[in-house]
Every structure is written in structure tokens, then in C-alpha cells.
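Residue-level listing of the chains:
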There are 2 protein chains.
Amino acid sequence: MKVEVLRIGHRPGRDPRLTTHLALTARAFGAKAIHIQPPDSTLQSSIEGVVKRFGGDFSVKGVGNWKPIVKSWEGTSIHLTMYGEDLDDVIGDIPKTQPILLIVGGPKVPSEVYQLATRNVAVTHQPHSEVAALAITLDRLLGTPRVEKLPGASVQVLPCPRGKKVVELSG
Amino acid sequence: MKVEVLRIGHRPGRDPRLTTHLALTARAFGAKAIHIQPPDSTLQSSIEGVVKRFGGDFSVKGVGNWKPIVKSWEGTSIHLTMYGEDLDDVIGDIPKTQPILLIVGGPKVPSEVYQLATRNVAVTHQPHSEVAALAITLDRLLGTPRVEKLPGASVQVLPCPRGKKVVELSG
């Protein structure tokens with residue numbers, strides 16, 4: 001199942017860490033790409049550095065306008081919002097054979113998003129974090145990955161009861 | 001099962017949003033308190049405002065020194081770190097009758113944390129976000145809450161396919 005993420009309303013300079021966490025969560029939980037609106041080349045380089053080091057197939061794309069992505073998405077678009085339907089009620093309806101776009105807004109998401117998305121979905125109906133909502137949704141769609149060596153990785157972290165066990169990998 | 005969260009190494013002023021997201025995630029996914037080290041009165045007021053509005057039993061406590069909390073914790077302390085053991089391997093070992101303290105550090109967590117915690121636990125062995133790790137761990141321990149009216153809430157969000165359905169509650 002191909003899953004990508006669209007982050008609407010990123011504020012370069014103001015919240016680099018939050019969008020960084022969002023992008024890394026997308027990658028760690030199995031999404032294949034994040035589209036960031038508006039583009040942020042500094043953040044993009046930072047995430048690409050993580051991909052280069054830890055491996056796997058994940059891309060960061062800067063976008064000026066989010067609407068064409070949602071409108072032309074060939075599959076299901078899911079807007080994550082505390083106002084939507086319960087994730088557990090919706091998850092069974094999502095076709096698993098088509099690409100999924102998870103749309104993450106923020107407090108000031110344009111109202112059109114609610115209309116253009118295939119579904120509006122809530123992970124709890126309490127205020128919390130788009131990072132948490134994304135992690136839980138990807139967990140439900142793809143399962144949370146266990147330890148694995150990703151293609152192209154130059155480093156791998158292994159499970160360890162105390163301390164750190166990091167293996168440097170060669171080609 | 002009583003679960004509380006300890007956030008070590010918060011940086012007041014630098015990352016208010018990230019710790020805000022962490023605190024709100026702790027609350028939304030069923031933890032009863034977050035201890036924030038060092039204290040941050042602005043952040044504390046902000047979270048207390050959410051609790052007042054959305055209800056439920058959740059407290060924010062500022063702490064100067066994190067060690068006494070971990071050392072005197074009567075139950076299991078779990079340090080969330082990408083270097084730990086797989087969550088899925090550990091979750092069955094956690095006694096459900098004792099209080100659980102979830103410890104969340106950050107990139108520069110003191111090495112003593114690894115020694116003092118009962119367990120070091122990883123939610124994937126990839127770099128991502130303490131917010132995502134906390135959400136997944138609380139989901140595994142307590143389940144993700146569905147729509148509910150929390151005690152003392154003055155407002156409740158109801159599931160809605162498109163748009164927003166918010167109910168103002170009286171006394």
C-alpha cells in the first residue's frame with residue numbers, strides 16, 4: 001500500500017522542529033513521501049540527510065499550492081482532524097489497493113480541505129498533535145515497523161536493554 | 001492503570017510547541033499527568049486551559065530535578081528511546097497493576113536515564129518524534145480513546161464527516 005503525506009500550512013522559520021518531527025514520523029512509520037506546503041529547502045535537506053544515513057525510500061517535496069495534489073490524487077485522501085469521523089470506524093472502508101494521501105493541516109487549515117478530502121478522520125476528538133495523529137493512522141494502515149535494515153542505510157540501530165548499539169554498515 | 005509522563009530537558013522559549021504537543025498527546029491518550037523539567041509556567045497555563053475547556057483529569061507539574069521522580073517511582077519507569085528494546089517485545093512484561101512512568105528525553109538525554117529507568121523501549125529504531133513514540137506507547141498500554149464526554153468539560157467535539165460539530169456543555 002502506497003501512503004504519502006501532505007503537510008499544509010507549514011511555517012518556515014517558526015516551526016521547523018514540528019514539521020521535522022512530522023516528516024520523520026511519516027518516514028519511520030512507512031510513508032513513502034511528504035509534500036510540504038510551502039516549500040522549505042532547509043528542512044528538506046535535513047530530512048534528506050536522515051534518509052541518506054538511515055536508508056529506505058522516502059522523499060520530501062516542496063509544493064506552492066496544495067489543492068492540485070488533493071484534486072488530482074488517484075486514490076483516497078484522508079484529512080486528519082479532531083473534527084472528523086473516528087479512525088476506527090473509517091479504517092475498514094479505505095481501499096487498500098489504491099494510494100492513500102494523509103493530509104495534515106493545523107489549527108488554521110483552510111475549510112476547503114474538509115470538502116476536497118475523501119474522508120475527514122479523527123484520532124480521538126481531543127486537541128493534541130498532528131504528529132501523534134499521523135503515527136497512529138500509519139500504525140493502523142501499515143503496522144509499526146520492527147527492527148530492520150533499510151536499503152542504502154549506512155547506519156543501523158539495534159535493540160538494546162541499556163545504552164546504545166549502533167552498527168555502521170558498509171555499501 | 002495509572003500512567004504519567006516525565007519530559008526531561010524541555011527548553012522554555014525554544015520549543016514550547018513541541019512540549020505542548022507532547023503534553024496534549026499525554027492527556028488525549030489517557031495519561032493522568034505530565035512532569036516537565038525544567039518548569040515552564042506559560043506552557044503549564046496553556047495546558048491547564050485546555051483541561052478546563054475539554055475536561056478530564058490531567059495535571060501539569062514543573063520539576064527542577066528529574067532524578068528524584070524516577071528514583072522514587074513506585075512502579076515501572078519506561079524510557080522511550082530509539083536505542084531501546086522493541087515495544088512489542090516489552091509490552092507483555094509490564095505489570096498492569098502498578099503505576100507507569102513514561103520518560104521522554106530528546107536528543108541530549110543524560111546517560112543516567114538509561115540506567116535509572118526500569119526499561120528502555122523503542123518505538124521503531126528509526127529517528128522520528130517523542131510525540132509519536134508517546135502516542136503509540138499509550139495506545140498499546142491504554143488503547144486510543146473514542147468519542148467521550150469528559151468530566152468537567154465545557155465543550156465536546158462530535159464525529160462529523162465534513163466540517164465541525166462542537167457542542168457547548170453546561171455545568
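The structure this text deals with has already been given above.
Just so we're clear, the structure is a prediction, and the values are computed from it rather than from any experiment. (Residues numbered from 1 in each chain as written. Chains lettered and ligands numbered in written order. Predicted model: local features only at pLDDT ≥ 70, side-chain atom pairs only at ≥ 80, totals over all residues. Heavy atoms only, no water.)

K.L.:
Got a minute to help me understand the interface of chain A and chain B in this structure?
P.N.:
A common measure of how large an interface is: the accessible area buried when the components associate. Counting from both sides, the interface comprises 54 residues of chain A and, opposite them, 54 residues of chain B. For the pairing of chain A and chain B, the buried interface totals around 4,800 Å² over both sides, and the portion due to carbon and sulfur atoms is 56%. On the chain A side of the interface with chain B, the three residues burying the most area are R17(A), Y83(A) and R162(A), jointly 15% of the side's total. At the boundary of chain A and chain B, one finds six salt bridges. The closest approach of N and O atoms between D86(B) and R146(A), which form a salt bridge, is 3.4 Å. At the boundary of chain A and chain B, one finds 24 residue pairs in polar contact (both at pLDDT 80 or more). Looking at the side of chain A that touches chain B, the elements that each hand over two or more residues are helix 1 (16-28), helix 2 (41-54), strand 4 (76-86), helix 4 (87-90), helix 5 (112-116), helix 6 (130-142) and strand 7 (155-158) of chain A. (Contact = heavy atoms within 4.5 Å. Buried area = accessible area lost by both parts, 1.4 Å probe. Salt bridge = Lys/Arg side-chain N within 4 Å of Asp/Glu carboxyl O. Polar contact = N/O pair within 3.5 Å; in protein donor to acceptor, adjacent residues only side chain to side chain. Helix = DSSP H or I, 4+ residues; strand = E, 2+ residues; numbered from the N terminus.)

K.L.:
It is not clear to me how the environment of D88(B) should be interpreted in this structure. Could you clarify?
P.N.:
Structurally, the position occupied by D88(B) is in helix 4 (residues 87-90). When the C-alpha positions of D88(B) and T124(B) are compared, they lie 9.8 Å apart, and in sequence the two are 36 residues distant. If we skip the residues at most four places from it in the chain, D88(B) touches R146(A) and R140(B).

K.L.:
In this structure, what is going on with helix 2 (residues 41-54) of chain B? I would like to understand it.
P.N.:
Along an α-helix, residues three or four apart share an orientation, since each turn contains 3.6 residues. Between the first and last C-alpha of helix 2 of chain B there are 20 Å, a value that for 14 residues agrees with the 20 Å anticipated at 1.5 Å per step. The distance from a side-chain oxygen at the start of helix 2 of chain B to the backbone nitrogen of T42(B) is 3.2 Å, and the residue carrying that oxygen is D40(B). (Expected span 1.5 Å × (residues − 1).)

K.L.:
Sorry, what's going on with the relation of the copies chain A and chain B here?
P.N.:
Under the fitted operation, chain A is carried onto chain B by 0.0 Å of movement along the axis and a turn of 180 degrees, and the coordinates agree to an RMSD of 0.0 Å. Such a combination of turn and shift is consistent with a two-fold rotation axis. Relative to the rotation axis, the C-alpha of A132(A) is the closest in chain A, positioned 2.4 Å from it. Comparing interface residues between copies, 100% of those in chain A also lie at the interface in chain B; the contact surface is shared. (Least-squares fit on C-alpha atoms with pLDDT ≥ 70 in both.)

K.L.:
In this structure, what is going on with the sheet that holds strand 1 (residues 3-8) of chain B? I would like to understand it.
P.N.:
Strand pairs in the sheet, formed through backbone hydrogen bonds, run parallel or antiparallel to each other. All names here are of chain B. In space, the six strands of this open sheet follow the order 3-2-1-5-4-6, with parallel pairing throughout. Looking at which strands have only one partner, the edges of the open sheet turn out to be strand 3 (59-62) and strand 6 (119-122). For this sheet, the mean inter-axis angle between neighbouring strands, taken without regard to orientation, is 30 degrees. In the sheet, strand 4 (residues 76-86) pairs with strand 5 (residues 100-104) via five bridges, with the strands oriented parallel. (Pairing = 2+ DSSP bridges. Axes fitted to C-alpha atoms, helices over the stretch in contact; angles between N-to-C directions.)

K.L.:
What is the right way to look at the pattern of salt bridges in this model?
P.N.:
Pairing between side chains of opposite charge can happen when the charged atoms of each approach one another. What the rule picks out here adds up to 20 salt bridges over all chains. Across the pair R140(B) and D139(A) runs a salt bridge whose closest N-O atoms are separated by 2.7 Å. Taken together, the residues R140(B) in helix 6 (residues 130-142) and D139(A) in helix 6 connect one chain to another. Salt-bridge contacts for R140(B) lead to D88(B); the nearest nitrogen and oxygen are separated by 3.9 Å. Of this pair, R140(B) sits in helix 6 while D88(B) sits in helix 4, placing them 52 residues apart in sequence. Members of the salt-bridge network, linked through shared partners, are D88(A), D139(A), R140(A), D88(B), D139(B) and R140(B).

K.L.:
So what exactly am I meant to see when it comes to helix 6 of chain B here?
P.N.:
Residues and elements named next belong to chain B. Taking 1.5 Å per residue as the helical rise, helix 6 with its 13 residues ought to reach 18 Å, and the 18 Å between its terminal C-alpha atoms agrees with that figure. Listing the buried residues of helix 6 in full gives E130, V131, A132, A133, L134, A135, I136, T137, L138, D139 and L141. Looking one or two residues past helix 6, G143 carries a phi angle of roughly 80 degrees, positive in sign. (Buried < 20%, exposed > 50% of the residue type's maximum accessible area, 1.4 Å probe, protein only.)

K.L.:
What is the right way to read the sheet that holds strand 3 (residues 59-62) of chain A from this model?
P.N.:
Residues and elements named next belong to chain A. An order of 3-2-1-5-4-6 is seen for the six strands of this open sheet, with the pairing classed as parallel. Of all the strands in the sheet, just strand 3 and strand 6 (119-122) have a single pairing partner and so form its edges. When the angles between neighbouring strand axes are averaged without regard to direction, this sheet yields 30 degrees. As paired strands, strand 2 (residues 33-36) and strand 3 are joined by four bridges and run parallel to one another. Following the sheet pairing, H35 is matched in strand 3 by K61. Most of the contacts of helix 6 go to strand 5 (residues 100-104), to which it runs at about 165 degrees, and overall it touches strand 1 (3-7), strand 4 and strand 5.

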